Every structure is written in structure tokens, then in C-alpha cells.
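Read off the chains here:
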Amino acid sequence: MRDRWLVDTETVAGLLDAPDVRLVDASWYLPVENRDALSDYRERHIAGAVFFDIDDISDESTDLPHMLPRPEKFSSRVRSLGLGDGVRIVVYDGGNMMAAARAWWMFRVFGHDDVQVLDGGLAKWMAEGRPVDDEPVIPRERHFTPRLNTFLVRDIGQMKTNLASSRAQVVDARGRGRFAGEEAEFRPGLRSGHIPGSRNLPYTSLLHEDGTIVDNEAIAAAFHDAGIDPTRPVITTCGSGISACFLALALDLAGFPDAAVYDGSWTEWGGAADTPVATGDP
């Protein structure tokens, strides 16, 4: 599964002129980082990469950030980016792979499984002296057929049901301070803490210093150490559904496929009036 979902910089360098490969910059940053992903993309990107705006390709009918859009909106947006049926999509970001993992997950939710994440992202690419440019990319529209895979997504109603049944394990990708309720949330109006019964595995613990993801054995060990049995059903969550996708990717790489992502994550759960909240370590 690792080769299916992950690709290294050397391989991507050899694919830049491939007619059936499309590069995607899905960079997105936390509000506290004070970075503008689109401006960064316009300043430098891998040649031919289009910009996948996670905040724009989302459900505009909710106040929750970057929730999954309806299939027809996703199809329309990616079609205009030249991303569609019959092409291999390689996604990267300018951060630590969590935004690229979110785009990877979104494509899979809408039925496009020929998608990979660039291991180490743009930072590793540039550290190796590989070329970037600021040339505008004008994609040729391509048809995209959405096929919604609801097994990869959980909503708040399903999370409440799972709270009672404990059918699936829940693992939270946020840092320990936020998970334990010892640090304030980035977004105003949210309680601090975590979903009762959930476990904590900060996604950054699965990264090497160079920004690449650790090997499959280390991934499996990290989940086990967090109290998660990856052979059983798993739901991942985080602050707003971004880094949760990185945990889902990591599980898939290690041979434990199809973890579901709680799309609303803590922004929804911690902002609701009728959801229980736990603090401290599990």
C-alpha cells in the first residue's frame, strides 16, 4: 500500500513531462501560521502544478471550515483544474503533508483512487535543489466522474452513535496539550478537550526531521502505543479535519486501509452545546 499512496521526489522528478500525470499543490496553513497558501503558490510551485484550494473546494452552506462539498461542486472545481478521469494525481503541500493528505482523502472520497502524496512535500523537493517556478498554469479541463465513498467519512450523528457503541476506535491527531484540554483551541468559541474515549496520536510524531513519513513498522507501533488496534475499525479526528487525514493516510500506508475521517472534527464537536467533552489523558 505504501507505493500505492506515497511517491518520492526522485520519482516525481521523472514524471514532470508525463502526459497522464497531474501535479497538485494543496497547501493550507493553520490560522496561527499567518501564511497565505495561494500567494506562496504564485511565488513558487513545482512546474505544471495547479493550486487546490481546500477552503474553496468545500461546503459553502455551513459555518464549519472546509467541510466536504457536494459531489457536483467537487467535480466542477477539479474538472476546471484539469484533474479528472484517467489521470494520475500527485499531491504535495508547502507544510508537513497534512494538507496534501486532506486532498488525497478528498479525491478518494469522491472515487478517484489514482492519487498519491509526495513524501516530504515541497520542502524536501526544494531542499534537494529541484526546480520550482512562478509561471501561471492554465489547465485543460478534464471530465471527472464523482463516485461518493461514504465509508471514508463520519458526521457528528455517527460520532454520537459510536460514542455509545464503541464500535470504532477514535484517534485524535492534535497535539497533546489541546487533546488534554491544557491548551486553548485556535478557533474562538470552542471548549477544550477531546471526544470521550478517544486516544491521542499527534500526527507530527509520524514524521522524520526531513518531513518524510516514518516507515510502516514505526507507524503501526505508534498506533499501538497510543492504544489503537489498527486491525479494528478506526475513525480519525483533529481540529478541523485536516491532520486527521494524515492519520488515515498513515494507517493505509501501513496496511490498515479505509480508516474513516470525522469531517467536522473538534471544530464541530467542541463547538456544539450537546456533546460531552473529556479532558486529561485517556
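Up top you'll find the structure we're talking about.
About the criteria used
Residues numbered from 1 in each chain as written. Predicted model: local features only at pLDDT ≥ 70, side-chain atom pairs only at ≥ 80, totals over all residues. Heavy atoms only, no water. Axes fitted to C-alpha atoms, helices over the stretch in contact; angles between N-to-C directions. Helix = DSSP H or I, 4+ residues; strand = E, 2+ residues; numbered from the N terminus. Parallel < 35°, antiparallel > 145°, perpendicular 65-115°, else oblique. Left-handed = near helix turned anticlockwise from the far one by under 90°. Contact = heavy atoms within 4.5 Å. Nonpolar A, V, L, I, M, F, W, Y, C, P; charged D, E, K, R; others polar. Pairing = 2+ DSSP bridges. Phe/Tyr/Trp six-rings, centres within 6.5 Å; stacked < 30°, edge-to-face > 60°. Buried < 20%, exposed > 50% of the residue type's maximum accessible area, 1.4 Å probe, protein only.

## Notes on the packing of helix 9 (residues 216-225) against helix 10 (residues 243-253)
For step 1, the next point in the chain: Two elements in contact, helix 9 and helix 10, have axes whose closest approach is 9 Å; the angle formed by their N-to-C orientations is 120°. Between helix 9 and helix 10, the crossing angle belongs to the class labelled oblique. Of the two possible hands of crossing, helix 9 and helix 10 adopt the one that is left-handed. Mapping the contact onto sequence places Asn-216, Ile-219 and Phe-223 in helix 9 and Leu-247, Ala-250, Leu-251 and Leu-253 in helix 10.
For step 2, the next point in the chain: When the residues that make up the contact of helix 9 with helix 10 are grouped by side-chain class, the tally is six nonpolar, one polar and no charged.

## Side note on the sheet that holds strand 7 (residues 169-172)
For step 1, the next point in the chain: The five strands lie next to each other as 6-10-9-7-8, forming an open sheet whose pairing is parallel. The outermost strands of the open sheet, each flanked by one partner alone, are strand 6 (153-154) and strand 8 (199-200).
For step 2, the next point in the chain: Where strand 7 meets strand 8, two bridges bridge the pair, whose relative direction is parallel. Within strand 8, the position partnered with Val-171 by the bridge is Arg-199.

## Examining the packing of aromatic side chains
For step 1, the next point in the chain: Taken as a whole, this structure holds ten aromatic pairs when the rule is applied.
For step 2, the next point in the chain: Ring centres 4.4 Å apart and planes at 20° place the aromatic pair Phe-74 and Phe-110 in the stacked group. Of this pair, Phe-74 sits in helix 4 (residues 71-80) while Phe-110 sits in the loop between helix 5 (98-109) and strand 5 (115-118), placing them 36 residues apart in sequence. As far as the burial class goes, Phe-74 and Phe-110 line up, both buried.
For step 3, the next point in the chain: Judged by centre distance (5.6 Å) and plane angle (65°), the ring pair of Phe-74 and Phe-144 falls under edge-to-face.

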